[in-house]
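Inside the fold
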Amino acid sequence: MKSIIISLFINFFSITLVFSQTSERKFVSINDKQMAYKIFGLDERKANEPIVIFESGLGSGGGSYESLFPFIQKSFAGIVYDRNGIGESEIDTSIKKDEDVIKRLHDMLVALKINPPYLLVGHSIGGPFIRLYASMYPNEICGLFFIDPTDFMLTEDEDNKVKINTSSSTGYRELFVINLKNIINDTSTSDGFRNEAKRELNESSPEFFKNYKSLSPLKDIPVTVMISYNKHIEHYETEMNGNLKLGINLIPWWKELDELRINHYAEMIKNNSNSRLILLPRYSHGIHQQDPKSVAEALMYTYKNCLTSLKSK
């Protein structure tokens, strides 16, 4: 049972990989805790050019982006890292909120003397993280790139309507909390992953992503959102749905949630120039794992838009 729950959580919300053994991994001490990171292309970066900052999904290390490196390493400067407690970075129990995650990333960039402008990339729950960074440090950001981001904008009313319309007993927001609690209670969960899950449980209970309700408006910067939809219903989803008696009619349930997520992100970027929403039917949650070349091309396109936007200012 627990293995099914873990599998569902990983596939729905994250892809857990750490840096490969061949990566040129480095460490920096922030708040007396070692943080692992990898930088590429920094020596070739010119003044005022963007650097791409990669933010991973929940429980995921920077290695989740390894598949992209062969396609992007010669195109721009970038940095991937492990959040505290994930991968090779030391756990830090003082990080209680997502705001603390963003401040810690900011502190790391300052310590490494990696100056803005930043093009932020976020996969899964990393999507809400980069949106939060853009709210907290708007003058540092030149662009955002979302890879199948978590829908932090899903309201309670919308979630309830999905349950009613699909004759389902459990909503997405409820499932999110259920999975977080099972991750926390599973004895096989690492301390770092458990700490991250506790933080997200605090962020999403009793109100879903409660600290994201009053984000500052998004500046007119280039934004790309890649969303997978109409995914295959996997065996483990069906098994978990039955074992936990969730009462979810999976196909119509996901269809309605996909439509809501697409609409939410389309609304988010409607006033942003040089921005686009890319819809990928039948793709997996790990778009950058399934089709790294396409993701790399879209990222390079966004990077070029950032360059153009910066030069016009």
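The structure we're discussing is the one just above.
Here the structure is a predicted model, which is why all the values come from computation and not from measurement.

Description of the nonpolar core
With 63 residues, the main nonpolar core has Tyr118, Tyr133 and Leu144 as its most contacted residues. In terms of residue count, the dominant contributor to this core is helix α9 (residues 250-268) (eight residues). Contact partners of leucine 144, with chain neighbours within four places excluded, come to Leu119, Leu120, Ile130, Ala134, Leu218, Ile221, Pro222, Val223, Thr224 and Thr302. Formed by 25 residues, the second largest nonpolar core is a distinct cluster that contains Leu119, Cys142, Ile287 and Leu299.

Describing the packing of helix α5 (residues 156-165) against α9
As a packed pair, α5 and α9 sit with axes 9 Å apart at the nearest point and diverge in direction by 150°. Of the possible angle classes, the one that applies to α5 and α9 is roughly antiparallel. Along this stretch, α5 crosses α9, giving a crossing that reads as right-handed. Packed against α5, whose contacting residues are Glu158, Asp159, Lys161, Val162 and Asn165, the element α9 presents Trp253, Glu256, Leu257, Leu260 and His264 at the interface. Partitioning the contact of α5 with α9 into residue classes produces four nonpolar, two polar and four charged.

A few points about the state of the cysteines
Inspection of every chain in the model, using the stated rule, returns zero disulfides. The thiol sulfur of cysteine 142 is not disulfide-bonded, and the nearest other cysteine sulfur, from cysteine 306, lies at 3.7 Å.

Side note on the pattern of salt bridges
Under the counting rule described, the total for this entry stands at 14 salt bridges. Put simply, arginine 199 and aspartate 98 hold a salt bridge, and the shortest N to O gap is 3.1 Å. Linking arginine 199 in helix α7 (residues 191-204) with aspartate 98 in helix α3 (residues 98-111), this pair joins segments that are 101 residues apart in sequence. We note a salt bridge from aspartate 191 to arginine 194, for which the minimum N-O separation is 3.4 Å. Taken together, the residues span about one helical turn, with aspartate 191 and arginine 194 both in helix α7 at a distance of three residues. Aspartate 191 gets classed as exposed once you look at its relative accessible area, which sits at 57%. One continuous salt-bridge network, built from bridges that share partners, spans Glu55, Arg83, Asp98, Glu196, Arg199 and Glu200.

Observations concerning empty space enclosed by the protein
Taken as a whole and judged by the stated rule, the model has four cavities of 30 Å³ or more. Empty space within the largest cavity amounts to approximately 80 Å³. Along its surface, the largest cavity is lined by Met35, Tyr81, Arg83, Asn84, Asp92, Ile95, Val101, Arg104, Gly192, Asn195, Glu196 and Arg199. For the lining of the largest cavity, the secondary structure elements donating two or more residues are α3 and α7. For the lining of the largest cavity, the element with the highest residue contribution is α7, accounting for four residues.

Parameters at a glance
Residues numbered from 1 in each chain as written. Predicted model: local features only at pLDDT ≥ 70, side-chain atom pairs only at ≥ 80, totals over all residues. Heavy atoms only, no water. Core = buried A, V, L, I, M, F, W, Y, C linked by side-chain atoms within 4.5 Å. Buried < 20%, exposed > 50% of the residue type's maximum accessible area, 1.4 Å probe, protein only. Helix = DSSP H or I, 4+ residues; strand = E, 2+ residues; numbered from the N terminus. Contact = heavy atoms within 4.5 Å. Axes fitted to C-alpha atoms, helices over the stretch in contact; angles between N-to-C directions. Parallel < 35°, antiparallel > 145°, perpendicular 65-115°, else oblique. Left-handed = near helix turned anticlockwise from the far one by under 90°. Nonpolar A, V, L, I, M, F, W, Y, C, P; charged D, E, K, R; others polar. Disulfide = S-S within 2.5 Å. Salt bridge = Lys/Arg side-chain N within 4 Å of Asp/Glu carboxyl O. 1 Å grid on protein atoms, 1.4 Å probe; cavity = no way out; pocket = protein on both sides within 12 Å on 5 of 7 lines; lining within 4 Å. Points joined across faces, edges and corners; volume = space filled by probe spheres on them.

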